[in-house]
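As a plain string of letters, each chain reads:
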Amino acid sequence: MRILLLLTLSIFSFATFADDGYRLWLKYDKVKNETKRKAYAARLANIEVKLEQDPTLVVILEELKMASQGMLGITPKVSKTLAATLYGVTLEISTIADKKPEAYEIKTINKHSVIQANTTQGLLYGTFAFIQLLQQEESITSLDIKSSPKIQLRMLNHWDNNNGTIERGYAGMSMWKWYELPERIDPRYIAYARSNASIGINGTVLNNVNASARFITSEYLGKVKALADVYRPYHIKVYMSVNFASPKIIGGLKTADPLDPEVRAWWKQKADEIYELIPDFGGFLVKANSEGEPGPMDYGRTHVDGANMLAEAMAPHHGLVIWRAFVYNADPNGDRFAAAYNEFKPFDGKFMSNVIIQVKNGPIDFQVREPISPLFGAMQKTPVSMEFQLTQEYLGWATHWVYEAPMFEENLQTDTYATGKGNTVADVIMGKTFNYPITSMVGVANTGSDRNWTGHPMAQANWFALGKLAWNPNNTSKQIAEEWVKLTFNTDAESQKTIVNLMLNSREIYVNYTNPLGLHHVMGESHHFGPEPWVSKAPRPDWTALYYHKADASGIGFDRTNTGSKTLQQYQPELRKLYENVDTCPLEYLLWFHHVAWDKKLSSGRTVWDEMVSRYYEGVKSVEKMQAEWAKVKGKVDEETFENVEARLKTQLKEALWWRDASVLYFQKFSQMPVAAPYQKPTRTFEEVKKLVDVYHVH
Ligand code: BDP
């Protein structure tokens, strides 16, 4: 009996306090401040609806109900009219000053909190914004908020396969259970839609860019339709990655040549079939002639031929073709940095108006720090969009705490000088610089079937940040972190500050112990986990580490100036100047652009070698400091989350030491310089460290 009682008690306390992370930033926990809770409750007790019935209205009301029940312990009464003398929340469709369909206003008129928009989509975003104010315990007595997104397509790209695996996914398996669809709708699909809508995301690409043609077979389209139906009320459009060779693979044609009439007819018919099922289908995402994927060049055609062929099929349905610029050829003496620009710049203006070119933030591949892709600011007549990677392929998978928004911000705020000073990447992708008709920002998703969605609990913030930056690319990483922490951790101000600071420093710390001074692409070959700066053989030369760091007795780094690959010429002269001079190039980018002698004195007063060593060691020490800081919030945040992060920080420290020792011992072979005091040479040998990949990495 006693045991049973204890068991019941412990289950009860577990259920009461443990937070498994499933609710993300939509926790809707009880508002702690009683005065505020009462004031909010008085207002939310009555909801006035001044609009026609609509599926989005249903989800809006459901959300308000959930929020009120969780935060305030009440269930709102919904009516068509409410006396002005009573407190309440008014939802209203009316013409507001900002004509964008997604715009909203939140005002206080007498005793009513009024959420107004031109459409129910705007109302949906306004409602979430209103709920988020309550979650943050803000005053709502005199609101005057106007907001609308600065970017049209705000999307997640999932690299999910139909067998349930996720390319570069570190949070479990795919959340889409294709084998259960279309019959069963997993509740997680709805939770996913709510979470995205709450941060303004309005599009999702369901499948991997390395696309199986199977996804657009009639069998699968029925499943895709079921998902599109679930997401529609949340205004999340569905897009698919397509395999360029589909006419051959699933269509039975002999070719996928984009100029072949039969191929063109096949795609038209496919587009018709899709739109018949899903009238608001977003469009196709295409990775063509990249890393072995098929494409128009297989037939001696160009990216323009390929993209326009698909665009023609999609045009009658107002569908888009999102064509990726992630292309590069394996030239051992070339510079992969230059590839995308060389390929696409000559095609500027040649694409149909429903094509957008999706460009990764940097010229190589989602490295820990990249200078901007030279394509931003170079394409004047064809819109380019931003592709960031949320999943931490090169950022320590799910064991390293890296808040990515500072990295995104760094690129977004870089001036391209496209039409003169003051044309940041943010300006370019918002369409300001060249008046793009389509604008888009995308995050390669970090979600999976893990109960907390993202594996590392703190990685939820990266998904959140993508939404907030796509809404307004000029939002700062600090604002976003503060908001996320307030929504996610219902705790005291001091603890929130501690967590925000941890977040804001986390990315630079990761850079320091993995890739200081602008090193890049020195991670494990193919799996991309841990340090392997010694990789000299791979299926392609530009998949090795040596290709990038070029360490030898004379120094280290990739010379991209006029004495080297000359790729810096792809930037506007002002931006080029920032990086070109080895003495003034910001140290963060030094090895991206220069091959420098080990004993060269830097602006820090240290030699290149000493600076590298110092950053590796300080990076590791910073992880120890992170542990100490995190310890301060023990008892202040939910216990399960606390322990989860605490444990991951232990792994992070172990792996940071691995990075440090492997890198220092390997590069020392070339520098032949000592690890100077106050630092001490690693106690492990190079051979020992080299083997660690087999210990730490699960093959
Ligand atoms: C690389 C990934 C690879 C992706 C590719 C892409 O290693 O798995 O398929 O990007 O973006 O970073 O297409």
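Residues numbered from 1 in each chain as written. Predicted model: local features only at pLDDT ≥ 70, side-chain atom pairs only at ≥ 80, totals over all residues. Heavy atoms only, no water.

The name that an unreviewed UniProt entry assigns to the protein chain is Xylan alpha-1,2-glucuronidase, with the source organism given as Lacihabitans lacunae. Looking at the protein chain in UniProt, the text filed under Subunit (unreviewed entry) is "Homodimer." In its Sequence similarities (unreviewed entry) section, the UniProt record describing the protein chain reads: "Belongs to the glycosyl hydrolase 67 family." (UniProt positions renumbered as here; feature names shortened; annotations may be inferred.)

Asks: How do you make sense of the UniProt feature "domain: Alpha glucuronidase N-terminal" (unreviewed entry) in the protein chain when you look at a structure like this?
Replies: As recorded in UniProt, the feature "domain: Alpha glucuronidase N-terminal" (unreviewed entry) lies at residues 24–129. Taken as a whole, residues 24–129 contains 37% helix and 25% strand, while its terminal C-alpha atoms sit 16 Å from one another. (Helix = DSSP H or I, 4+ residues; strand = E, 2+ residues; numbered from the N terminus.)

Asks: Just to check I follow, could you spell out the site of the ligand for this structure?
Replies: Close to the ligand lie 14 residues; Glu 167, Lys 287, Arg 324, Asp 365 and Glu 393 are nearest. Within the side chain of Arg 168, a nitrogen or oxygen atom sits 2.9 Å from an oxygen atom of the ligand. A distance of 2.6 Å separates an oxygen atom of the ligand from a polar atom in the side chain of Lys 287. Isolated, the ligand exposes 320 Å² of accessible area, and the fraction of that covered by the protein chains is 98%. (Near = heavy atom within 4 Å. Polar contact = N/O pair within 3.5 Å; in protein donor to acceptor, adjacent residues only side chain to side chain. Areas by Shrake-Rupley, 256 points an atom, 1.4 Å probe, with all protein chains shown as cover.)

Asks: Looking at this structure, I do not really get the pairing of strand E7 (residues 153–157). What am I missing?
Replies: The side chains of a regular strand alternate, residue by residue, between the two faces of the sheet. In terms of burial, E7 is a largely internal element, 5 of the 5 residues being buried. The side-chain alternation of E7 yields two buried faces, one formed by Leu 153, Met 155 and Asn 157 and the other by Arg 154 and Leu 156. When E7 meets strand E14 (residues 440–444), the two strands line up parallel, connected through 5 bridges. What sits directly across from Arg 154, in E14, is Met 441. As paired elements, E7 and strand E8 (residues 203–205) share 3 bridges and run parallel to each other. Across the sheet, the residue bridging to Met 155 is Gly 203, located in E8. Note on the crossover from E7 through helix H5 (residues 187–198) to E8: the handedness is right-handed. (Buried < 20%, exposed > 50% of the residue type's maximum accessible area, 1.4 Å probe, protein only. Pairing = 2+ DSSP bridges. Right-handed = clockwise from strand over helix to strand, strands pointing away.)

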